[in-house]
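Structural description and commentary
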Amino acid sequence: MQEYLHIIDKDIPVVIRSYKNAKYLKMYFKANILHISKPKYISLKKVLEFINENEDFIYTTYMNVKSPLKKWEEGELFLYKGENYNINCKEDSNNLLQIKFDEQSKNIFLSYPKDISKEDKKLYIDKGIKKILKNNTESMLYTKMPYWSKMTNIDYKEYKVHDATSKFGSCIPSKKTMHFTSRLIMLPEDKVDAIIVHELCHIIHPNHGKNFYDLVKKYIPNYDDIDKWLKKNGRIIIF
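Thresholds, definitions, all that
Residues numbered from 1 in each chain as written. Predicted model: local features only at pLDDT ≥ 70, side-chain atom pairs only at ≥ 80, totals over all residues. Heavy atoms only, no water. Pairing = 2+ DSSP bridges. Helix = DSSP H or I, 4+ residues; strand = E, 2+ residues; numbered from the N terminus. Axes fitted to C-alpha atoms, helices over the stretch in contact; angles between N-to-C directions. Contact = heavy atoms within 4.5 Å. Phe/Tyr/Trp six-rings, centres within 6.5 Å; stacked < 30°, edge-to-face > 60°. Buried < 20%, exposed > 50% of the residue type's maximum accessible area, 1.4 Å probe, protein only. Arc of directions from axis to C-beta.

Okay, the sheet that holds strand β5 (residues 77–80) next. Here four strands make up an open sheet; going across it, the order is β5-β6-β8-β7 and the pairing mixed. Each edge of the sheet is formed by a strand with only one pairing partner; in this case those strands are β5 and β7 (98–102). Across this sheet, the average inter-strand angle for adjacent strands is 30°, counted without regard to direction. Most of the contacts of helix α3 (residues 118–152) go to β7, to which it runs at about 45°, and overall it touches β5, β7 and β8 (107–113).

See the structure below:
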């Protein structure tokens, strides 16, 4: 379950989970949340001691990785197809949730039920936005996957789209299957192309060796620059 750690002057959200196959305590940040995984036999007391021993690291990392989550308020910006869209919000008299992306004006028009809490408002809109992103990412990949498969002469069996923020894509070479985040549609097109080619090339080279990167760069010559951009700006898909 999610709790909060008060460290120095910040309340840091934390989720602690037990795993049967875990061999040691592990912590990492995903978005603004500290995740701690532990073996089942380790007590909560030991976890708290582990946290206390690493307070400085946790605080410093939190300050570096934290990104303000969307409140879906007037004036906020949202990345879509590599461009910033203005968010426009209003209450809906019919108590309906409506979301419209206007690509010509670069606006997102949101209307939401009246008399709901800020927390429920965010949940409603997050859910609606995620559905739109998934549909639009699937439509984009429906065109791009066959194109890049033909360009690289690499066949695949299937790809799947899931809501994810920790990885843009992954590949199971033995099954020629790929997985992509439904938030790909938020990224600039050249970044999407690089991610697709990266995963396709894993079907030929399952590792990240020299031959793998040589193959990727055969089709995406500026891959190193794109990879640096993705590592630096990866959190922009979090909302």
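With mixed pairing, three strands are arranged side by side in an open sheet as β9-β11-β10. Both edges of this open sheet fall to β9 (158–162) and β10 (169–172), since each of them pairs with a single strand only. Across the sheet, the axes of successive neighbouring strands diverge by a mean angle of 20°, strand direction being ignored. Two elements, β9 and strand β11 (residues 177–181), share five bridges in a ladder whose sense is parallel. What sits directly across from H162, in β11, is T181. The strands that α3 touches are β9 and β11; relative to β9, the one it contacts most, it runs at about 160°. On top of the sheet, helix α4 (residues 189–204) reaches β10 and β11; it is set at about 155° to β11, its chief contact.

Here the focus is the packing of aromatic side chains. According to the stated counting rule, one finds twelve aromatic pairs in the structure shown. For the pair F78 and F239, a centre-to-centre distance of 5.5 Å together with 70° between the ring planes defines the contact as edge-to-face. Placement of F78 in strand β5 and of F239 in the segment after α6 (223–233) is noted, with a sequence separation of 161 residues between them. Each member of the pair F78 and F239 is classed as buried.

The next point concerns the pairing of β8. With six of seven residues buried, β8 is to be regarded as a mostly interior element. As paired elements, strand β6 (residues 83–92) and β8 share seven bridges and run parallel to each other. Bridge pairing in β8 places I87 opposite I108. Note: β7 against β8, five bridges, orientation antiparallel. Residue pairing for β8: K100 is matched across the bridge by F109.

Before going further, it helps to examine α6. Within α6, burial applies to Y223, I226, D227 and L230. Projected down its long axis, α6 carries its buried residues within an arc of 100°, all on one side. Exposed residues pointing more than 90 degrees away from the buried face of α6 are listed as D225, K228 and K232. Buried residues belonging to α6 abut α4 and α5 (210–219).

These results come straight from atomic positions and should not be treated as a statement about function.
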